[in-house]
Structure formats: C-alpha cells, structure tokens
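# Examining the three-dimensional arrangement
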Amino acid sequence: MAMERTLILLKPDAFQRALIGEIISRFERKGLKIVGMKMLHMAPAVSKEHYGHLTSKPFYPGLEKFITSGPLLAFVLEGQEAVEVVRNVVGVTNSRKATAGTIRGDFSMSTGRNTIHASDSLDTAKKEIARFFKKEELFEYKLELWDYIYAEDEKA
Ligand code: IDP
Ligand code: MG
C-alpha cells in the first residue's frame with residue numbers, strides 16, 4: 001500500500017454531455033484528494049506523446065482529431081493505491097463492456113468517446129502528471145476528513 005498520485009483528463013465529450021461535475025463528484029465522494037486541476041487544450045504534438053503507444057493504430061488520426069477538438073479538464077488525484085483505485089472507478093476502455101457503476105459503464109456507449117483518461121500505472125502517472133502540471137500547480141494541503149477516509153494503519 002502506498003500513497004500515489006494519478007492523472008485524469010476529462011475529454012471533449014464529457015464537456016459536451018455536461019458530465020464534468022458528476023465525474024469530479026464521484027472521485028470526491030470516493031475519498032480521493034484533488035491536488036491539482038485546470039482546463040487545457042491538447043496540441044497534436046502532445047497527443048502524439050500522450051498516446052505514443054497508439055500512434056500506429058488505424059484509429060489514431062481520429063483519436064488525435066477528437067482529443068485536440070475541444071477543452072480538456074486535467075486533474076491530479078491522490079490517495080492510497082490511487083492509480084488502481086481510479087482505473088477501477090473509471091472502468092475498461094470499451095464503455096459497452098465497462099461494469100455498471102463505473103464512469104464509463106454509466107455514462108458512455110463507446111470506445112472512442114469514453115469521456116475520460118486515467119493513468120494506467122504508477123510510472124505512467126508520474127510522466128503524465130509532469131506532462132500537464134508544473135510543480136507549483138500541485139497543492140500540498142491537509143484534508144480535514146483524512147481520519148475518516150483512512151484508518152491509522154492506512155495513512156502512511
Ligand atoms: P485507456 O484510455 O482505457 O487507458 P488506451 O488503450 O490507453 O485505453 O487507449 C487510449 C484511448 O484511445 C482510449 O481511451 C480511447 O479513447 C482510444 N481508443 C483505444 N482503443 C481504441 C479503438 O479500438 N478504437 C477507437 N479508439 C480507441
Ligand atoms: Mg491508456
């Protein structure tokens with residue numbers, strides 16, 4: 001068990017479908033701590049870096065066109081095992097297969113319009129946070145409810 005940070009991007013479809021507040025709310029209620037948040041526009045060059053594992057796929061041009069087409073909300077969440085916890089809250093890539101109760105399972109019918117990005121490993125999370133946030137854009141603060149979110153042996 002370890003305290004981790006992970007990167008979320010809410011995609012242009014989440015803005016168009018008025019899901020931004022609902023999605024943030026789910027992470028807040030889960031007990032994750034928001035340590036950074038901002039709107040941004042992704043340039044094509046950043047898309048090629050961010051989706052570097054997919055640039056050779058036939059769907060990549062459509063993915064780049066979509067992800068650069070409108071605003072994104074980027075935020076960083078902190079918590080014990082946050083990378084895995086967030087991926088579980090988000091659900092699998094193909095939203096039609098995503099479990100009901102997950103964000104993709106509840107709000108999307110699509111793979112290419114699946115509302116949200118979340119880092120897939122701790123190593124990826126570190127690179128992705130650094131891609132979108134400067135050090136001074138990340139906030140260290142005490143969450144007053146921390147003692148109710150975690151037990152004594154879970155806070156380290
Ligand atoms: P992830 O978002 O669940 O981590 P990745 O495999 O990293 O999934 O793919 C990144 C994004 O690329 C997906 O969220 C999705 O929007 C898009 N994508 C992945 N596979 C496909 C596909 O087969 N068709 C269309 N878009 C895809
Ligand atoms: Mg991914």
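Counting of residues starts from 1 at the beginning of each chain's written sequence and follows it residue by residue. Chain labels run from A onward and ligand labels from 1 onward, assigned in the order the entries are written. The predicted nature of this model means local features are confined to residues of pLDDT at least 70 and side-chain atom pairs, given and counted, to a pLDDT of 80 or more, with totals for whole chains, interfaces and linings taken over all residues. The basis for the side-chain values is all heavy atoms of the structure; hydrogens and waters are excluded.

## Points about the environment of V35
The condition is simple: Counting from the N terminus, the helices are the DSSP runs of H or I reaching at least four residues and the strands are the DSSP runs of E reaching at least two. For this analysis, residues touch if any pair of their heavy atoms sits within 4.5 Å.
Mapped onto the elements of the fold, V35 is located in strand β2 (residues 33-40). Along the sequence, V35 and L77 sit 42 residues apart, while their C-alpha atoms lie 5.9 Å from each other. Ignoring anything within four residues of it in the chain, the contact list for V35 reads R5, V76, E78, E137, L138, F139 and Y141.

## Focus: the site of ligand 1
Selection rule: Any residue with a heavy atom positioned within 4 Å of a molecule or strand is treated as near that molecule or strand. Pairing of N or O atoms within 3.5 Å defines a polar contact, subject to two protein rules: one partner must be a possible hydrogen donor and the other a possible acceptor, and residues neighboring in sequence count only if both atoms are side-chain atoms. Throughout, the Shrake-Rupley method with a 1.4 Å probe supplies accessible areas, and for residues the shown protein chains are the sole cover considered. Residue type decides the class: Asp, Glu, Lys and Arg count as charged, Ala, Val, Leu, Ile, Met, Phe, Trp, Tyr, Cys and Pro as nonpolar, and the leftover types, Gly among them, as polar.
Within the structure, ligand 1 sits among K11, Y51, H53, L54, F59, L63, R87, T93, R104, T111, G112 and N114. For ligand 1, an oxygen atom lies 3.0 Å from a polar atom in the side chain of R104. Within the contact set of ligand 1, an oxygen atom lies 3.1 Å away from a backbone nitrogen or oxygen of T111. Computed on the free molecule, ligand 1 has an accessible area of 530 Å², of which 77% lies beneath the protein chains in the complex. Residue classes in the shell around ligand 1 are distributed as four nonpolar, five polar and three charged.

## What about the side chain of E78?
Basically, it comes down to this: In this scheme, a residue with accessible area under 20% of its type's maximum is buried, one over 50% is exposed, and one in between is partly exposed, where area comes from a 1.4 Å probe on protein chains only.
With respect to the helices and strands, E78 occurs in strand β3 (residues 72-80). On the accessibility criterion, E78 (11% relative accessible area) is buried. Polar contacts involving the side chain of E78 include one to the side chain of R5, which spans 2.7 Å. Sequence-distant contacts of E78, that is, excluding residues within four places in its chain, are made with M3, E4, R5, L32, K33 and V35.

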